[in-house]
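# Working through the structure, step by step
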Amino acid sequence: RSSTNLQAVLSTKSLLMTFLRAGALVRLQWDWFDVDYPDMITIPGNTPGLKRKKGKNDHIPHYVPITPQMKKLFQFLLELNGNSKYAFQPIRDSRFNHLDSSAPNHYLRKIGYKDVLRAHGWRSTALTTGIDILDADREVIKKQMGHLPEGKVNRAYDKSLQLDKRRKFLEDWCNLLEWNGLTV
């Protein structure tokens, strides 16, 4: 059992389930848990870590459907940190009001994944496994990763969200993680 701070452990588990970039994940705010869409996080497009271009596409939010596993994790976080703005609190006095984005990588190193896996590399695992094992559509996974449509024409015309397909993919994904030993 690791003596790592609970915030780092929970952020890493959340990263494994959502495969958000660490910079966006640690900045999750409770008021982004959307009341307009049930079981959805709506991350503003100007959030650091989403890789939107300032003034060009930073008005486009990123949606994360919440699976039962995520709901359980975020409910625990709400009980733990609900009186704060951010879902993930800093471990100690910090220059940030939220958890440092390096926390998931530090935790992964601490549990033996040094030189094996980095937080950002998990996105590759999610895309590859999503296609090969879950038979998910590449474009659905890429949308869930926060990627915007590629190419000038697609960017101009494709405004689809594919939320139902993304929710189904994330449910399958989190079930696979649980089946392989992830506990929440």
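It should be emphasised that the depicted structure is a prediction, and the values quoted were computed from it without experimental measurement. (Residues numbered from 1 in each chain as written. Predicted model: local features only at pLDDT ≥ 70, side-chain atom pairs only at ≥ 80, totals over all residues. Heavy atoms only, no water.)

### Describing the overall build of the protein chain
The helix and strand tally for the protein chain stands at 8 helices and 2 strands. What you see for the protein chain is a C-alpha radius of gyration of 16 Å, in line with the 16 Å of a compact globule of 184 residues. Structurally, the protein chain occupies a C-alpha span of about 50 × 35 × 30 Å along its principal axes. Within the protein chain, contacts between residues at least 6 apart in sequence are counted, and of these 66% link residues at least 24 apart. For the protein chain, the exposed area adds up to about 10500 Å²; of that, 50% sits on carbon and sulfur atoms. The protein chain carries 29 positive and 19 negative side-chain charges, and their two centres are separated by 8 Å. (Helix = DSSP H or I, 4+ residues; strand = E, 2+ residues; numbered from the N terminus. Rg over C-alpha atoms; globule rule 2.2 N^0.38 Å. Contact = heavy atoms within 4.5 Å. Areas by Shrake-Rupley, 256 points an atom, 1.4 Å probe, with all protein chains shown as cover. Lys, Arg positive; Asp, Glu negative; His and termini not counted. Charge placed at Lys NZ, Arg CZ, Asp CG, Glu CD.)

### Some remarks on the packing of aromatic side chains
The relation between two aromatic rings is expressed through the spacing of the ring centres and the mutual angle of the planes. Taken as a whole and assessed by the stated rule, the structure comprises 6 aromatic pairs. Pairing phenylalanine 19 with tryptophan 173 gives two aromatic rings, centres 5.8 Å apart and planes at 90 degrees, and the pair type is edge-to-face. On the criterion of sequence distance, the pair formed by phenylalanine 19 in the loop between helix H1 (6–18) and helix H2 (22–25) and tryptophan 173 in helix H8 (residues 163–179) is long-range, its members being 154 residues apart. Across this residue pair, the class does not change: phenylalanine 19 and tryptophan 173 are buried. Ring geometry for tryptophan 30 against phenylalanine 33: centres 5.2 Å apart, planes inclined by 35 degrees, an arrangement best described as tilted. (Phe/Tyr/Trp six-rings, centres within 6.5 Å; stacked < 30°, edge-to-face > 60°. Buried < 20%, exposed > 50% of the residue type's maximum accessible area, 1.4 Å probe, protein only.)

### Overview of a positive patch on the surface
A cluster of basic residues, Lys53, Lys56, Lys152 and Arg155, forms a positive patch at the surface. With respect to the secondary-structure elements, lysine 56 resides in the loop between strand E1 (40–43) and strand E2 (62–65). (Patch = residues over 30% accessible without salt bridge, like charges linked within 9 Å, V, L, I, M, F, W, Y side chains within 5 Å. Salt bridge = Lys/Arg side-chain N within 4 Å of Asp/Glu carboxyl O.)

### What about the pattern of salt bridges?
Scanning all chains against the criterion turns up 4 salt bridges. Residue aspartate 158 is joined to lysine 143 by a salt bridge in which the shortest nitrogen-to-oxygen separation is 3.6 Å. Here the residue aspartate 158 occupies a position in the loop between helix H7 (152–157) and H8, and lysine 143 occupies one in helix H6 (residues 138–144), the gap between them amounting to 15 residues. Under the relative-accessibility criterion, aspartate 158 is labelled partly exposed at 28%. With a closest N to O distance of 2.8 Å, aspartate 172 and lysine 168 form a salt bridge. Of this pair, aspartate 172 and lysine 168 both sit in helix H8, 4 residues apart, roughly one helical turn. A relative accessible area of 23% places aspartate 172 in the partly exposed class. Judged by its relative accessible area of 46%, lysine 168 falls in the partly exposed class.

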